Amino acid sequence: MSAAPVSGASYPVLVPDPGYTATGVLLRGLTPADVRPLVAYEGPAYRLTDITVLRIGTGPEEAQVFLPTGGVAHSSGVWSFETWQKSHRAAWLARLRGR
């Protein structure tokens, strides 16, 4: 699994990609009521999918991720959080603040 740049956007999408990894945050203890707004936010272009993740220091663990249903075009290459922070973070935060 890797994080690839979504075409025409600044955010990533997870794509099956043998030999690559995607770093992320593992949230625990979410209730169905917690997950419903996330599913609504992602919309029909993504589906919640069960996968096995490898946690450093503790090994494999079951998790869920949002994977595209097929209608999300992505660019080649690997998305970088560090690059996003340098190039897109300020504009993203301004948009959230309504500026």
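What you are looking at is a predicted structure, and each value in this text was computed from that prediction instead of being measured.

Engineer: Help me understand the packing of aromatic side chains, please; the structure alone is not making it clear to me.
Structural biologist: Under the counting rule described, the total for this entry stands at 3 aromatic pairs. Seen in terms of ring centroids, Trp79 and Phe81 are 6.2 Å apart; in terms of plane orientation they differ by 50 degrees. Their pairing is tilted. Accessibility expressed as a relative area gives 22% for Trp79, which makes it partly exposed. Seen in terms of ring centroids, Trp84 and Trp92 are 5.6 Å apart; in terms of plane orientation they differ by 70 degrees. Their pairing is edge-to-face. Among the residues examined, Trp84 registers a relative accessible area of 11% and is labelled buried.

Engineer: Mind showing me how you'd approach the pattern of salt bridges here?
Structural biologist: Oppositely charged side chains are able to pair whenever their charged atoms sit close together. On inspection of all chains with the given rule, the structure shows 2 salt bridges. Salt-bridge contacts for Arg55 lead to Glu61; the nearest nitrogen and oxygen are separated by 3.2 Å. Take Glu61: its relative accessible area is 21%, and that puts it in the partly exposed class. Through salt bridges with shared partners, a single network forms among Arg28, Arg55 and Glu61.

Engineer: How should the side chain of Ser2 be read in this particular structure?
Structural biologist: Structurally, Ser2 is set in strand β1 (residues 2-5). A polar contact is formed between the side chain of Ser2 and the side chain of Asp17, at a distance of 3.1 Å. With residues near it in sequence (within four places) discarded, Ser2 still touches Val13, Leu14, Val15, Asp17, Tyr20, Thr21 and Ala22.

Engineer: How do you make sense of the nonpolar core when you look at a structure like this?
Structural biologist: Side chains that are nonpolar tend, in soluble globular proteins, to be buried together. Counting residues in each nonpolar core, the largest one holds 7 residues, listed as Ala4, Val6, Val13, Val15, Tyr46, Phe66 and Val72. Those residues in contact with Phe66 that lie beyond four places of it in its chain are Leu14, Leu38, Val39, Glu42, Tyr46, Arg47 and Leu48.

Engineer: Can you walk me through the side chain of Thr49 in this structure?
Structural biologist: When you line up the elements, Thr49 lands in strand β3 (residues 46-55). Among the polar contacts listed, one links the side chain of Thr49 to the backbone oxygen of Arg47, at a separation of 3.3 Å. With residues near it in sequence (within four places) discarded, Thr49 still touches Ala63, Gln64, Val65 and Leu67.

Engineer: How do you make sense of the environment of Val65 when you look at a structure like this?
Structural biologist: By secondary structure assignment, the location of Val65 is in strand β4 (residues 59-68). Val65 sits in the buried class, given a relative accessible area of 14%. Separated by 18 residues in the primary sequence, Val65 and Arg47 place their C-alpha atoms 8.0 Å from one another. Contact partners of Val65, with chain neighbours within four places excluded, come to Leu14, Arg47, Leu48, Thr49 and Ile51.

Engineer: Before we go on, may I ask you to explain the pairing of strand β2 (residues 12-15) in this structure?
Structural biologist: As a general feature of sheets, a regular strand has side chains that alternate between the two faces. Along β2, the buried face is formed by Val13 and Val15; none of Pro12 and Leu14, which line the opposite face, is buried. Relative to β2, β1 runs antiparallel, the two being bridged by 4 bridges. Within the sheet, the bridge partner assigned to Pro5 lies in β2 and is Pro12. Connecting β1 to the antiparallel partner β2 that follows it, the hairpin turn spans 6 residues, and Gly8 within it adopts a positive phi of roughly 75 degrees.

Quick notes on the rules
- Residues numbered from 1 in each chain as written.
- Predicted model: local features only at pLDDT ≥ 70, side-chain atom pairs only at ≥ 80, totals over all residues.
- Heavy atoms only, no water.
- Phe/Tyr/Trp six-rings, centres within 6.5 Å; stacked < 30°, edge-to-face > 60°.
- Buried < 20%, exposed > 50% of the residue type's maximum accessible area, 1.4 Å probe, protein only.
- Salt bridge = Lys/Arg side-chain N within 4 Å of Asp/Glu carboxyl O.
- Helix = DSSP H or I, 4+ residues; strand = E, 2+ residues; numbered from the N terminus.
- Polar contact = N/O pair within 3.5 Å; in protein donor to acceptor, adjacent residues only side chain to side chain.
- Contact = heavy atoms within 4.5 Å.
- Core = buried A, V, L, I, M, F, W, Y, C linked by side-chain atoms within 4.5 Å.
- Pairing = 2+ DSSP bridges.

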